[in-house]
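Examination of the molecular architecture
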Amino acid sequence: MKKKNISLIGVPMDLGQMRRGVDMGPSAIRYAGAIQRLEQLGHQVEDLGDIQIDQAESVHMTDTNLRNLDAVVKGNMELADTVKEAKDKGHFPLILGGDHSIAIGSLAGIGQKYENLGVIWYDAHGDLNTGDTSPSGNIHGMPLAVSIGIGHSDLVNIHEYTPKVKPENIVIIGARSLDEGERELIKEKGIRVYTMHEIDRMGMTKVMEEAIQYLKENTDGVHLSLDLDGLDPSDAPGVGTPVNGGISYRESHLAMEMLAESDILTSAEFVEVNPILDEKNKTAAVAVALMGSLFGEKLL
């Protein structure tokens, strides 16, 4: 793998959902050795520190069912600015979460740099809810919908353009918990989805081969958004919304190894690590191990 200049950006966001602790995710991932792992592989890492996120105790609810809307918008605007600056320097943004609402800012900053940005959404969930379809009002279940231009205007118009990504340039991998509104939107927009059924039936090798080829043909850059709840809870217990029957640790390494070999990624994020719900920082260590494979680590 060609050595990269990586801009590491932490986003201690826990306002897109209700379970506390995910704001410590960036620190847990750093503590698990992310920077050392990447530097040992020969990459140059610039740690930009953490985006400033308002404390939940000081956030006031607005006249909407979207939880902590103003504070989530503010944090994602700052993240979008930071990601764009990293891309302007020719760096590879590597974003550490924090809940998955931060993907709104990631894609807002990245999407300006590409005509046809592709996205791999590695997740148990579709994150395609809106204020109308969400049963909870949690914005961490909405970032993909927002990024294709559907949702609250304050979220959709971050950096004053929409959509950030076209629906046909998205590949969801590992889905096994979709709300009815999300199913309808997937069918309406023609979003490519590999559920756990396809992974079980086809195998991860075939799934990744198809996803990589599809994105190579249709996009000029690819962002990986990896939610640790995409993995089975036995391998990644420290997440806020675990769903049994997920992708295995080994399958996930294979997926990352194949992405490394393809060299199609231009940015990535690892989200939803919650140390409070974890077992001896196991989930953060899994995230770091997967980063190793994603950035070219091999046994031999």
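Heads up: the structure comes first, above all this text.
Residues numbered from 1 in each chain as written. Predicted model: local features only at pLDDT ≥ 70, side-chain atom pairs only at ≥ 80, totals over all residues. Heavy atoms only, no water.

A look at the overall build of the protein chain
This is how it is decided: By definition, any uninterrupted DSSP run of H or I lasting at least four residues is a helix, any uninterrupted run of E lasting at least two residues is a strand, and each is numbered from the N terminus. Relative accessibility under 20% of the residue-type maximum defines a buried residue, over 50% an exposed one, and the middle range a partly exposed one, all with a 1.4 Å probe and only protein chains included. Residue contacts follow a heavy-atom distance rule, with two residues in contact if any of their heavy atoms lie within 4.5 Å. Using a 1.4 Å probe, the Shrake-Rupley method yields the accessible areas, and only the shown protein chains count as cover for residues.
Within the protein chain one finds eleven helices and eight strands. Referenced to the eigenvectors of the C-alpha coordinate spread, the extents of the protein chain come out at roughly 55 × 40 × 40 Å. A total of 300 residues make up the protein chain; the buried ones form 60% of that total. Contacts spanning at least 24 positions in sequence make up 77% of the contacts within the protein chain whose residues lie at least 6 apart. With an accessible surface of roughly 12000 Å², the protein chain has 47% of that area assigned to carbon and sulfur atoms.

Here we look at the pattern of salt bridges
Rules: Any carboxyl oxygen of Asp or Glu within 4 Å of a side-chain nitrogen of Lys or Arg constitutes a salt bridge here.
Throughout the structure, instances matching the rule amount to twelve salt bridges. Close ionic contact of Arg30 with Asp47 constitutes a salt bridge, the shortest N to O distance being 2.9 Å. On the criterion of sequence distance, the pair formed by Arg30 in helix α1 (residues 25-31) and Asp47 in strand β2 (residues 44-50) is long-range, its members being 17 residues apart. The partly exposed category is assigned to Asp47, whose relative accessible area is 35%. The salt bridge involving Lys84 is made with Asp88; its shortest N-O contact spans 3.1 Å.

Points about the pairing of strand β5 (residues 170-175)
To be explicit about the condition: We call two strands paired when DSSP finds no fewer than two bridges between them.
Buried residues dominate β5, accounting for six of its six residues. Summarising the sheet, strand β4 (residues 117-122) and β5 pair through four bridges and their orientation is parallel. Following the sheet pairing, Val119 is matched in β5 by Ile170. For β5 and strand β6 (residues 192-195), the ladder comprises four bridges, and the chain directions are parallel. Residue pairing for β6: Ile173 is matched across the bridge by Tyr194.

Regarding the side chain of Thr219
The condition that has to hold: N or O atoms closer than or at 3.5 Å make up a polar contact, with two conditions inside protein: a donor-capable atom paired with an acceptor-capable one, and, for residues adjacent in sequence, both atoms drawn from side chains.
If you trace the backbone, Thr219 turns up in the loop between α9 (204-218) and β7 (221-227). For Thr219, a relative accessible area of 16% gives the class buried. Within polar-contact distance, the side chain of Thr219 engages the backbone oxygen of Leu215 at 2.6 Å.

Section: the nonpolar core
Operational definition: Within this scheme, the nonpolar core is defined by two criteria: the residues are buried Ala, Val, Leu, Ile, Met, Phe, Trp, Tyr or Cys, and they are joined through side-chain atoms within 4.5 Å.
Counting 51 residues, the largest nonpolar core has Leu94, Tyr122, Ile173, Leu224, Leu228 and Leu259 as the members making the most contacts within it. Setting aside residues no more than four positions away along its own chain, Leu94 makes contact with Ile6, Ser7, Leu8, Ile9, Leu38, Ala268, Phe270, Met291 and Phe295. Val73, Ala108, Leu155 and Ala175 belong to the second largest nonpolar core, which has 45 residues in total.

Description of helix α3 (residues 69-88)
In an α-helix, one full turn covers 3.6 residues, which means residues spaced three or four apart are oriented alike. Note the cut-off: What a helix is expected to span follows from its residue count: subtract one and scale by 1.5 Å.
A rise of 1.5 Å per residue sets the reference length of α3, with its 20 residues, at 28 Å; its end C-alpha atoms lie 28 Å apart and thus fit the reference within 8%. Buried residues belonging to α3 abut β1 (5-11), β2, β3 (92-97), α4 (103-111), α6 (153-156) and β8 (265-271). The positive-phi residue at the C-terminal boundary of α3 is Gly90, with phi of around 80 degrees.

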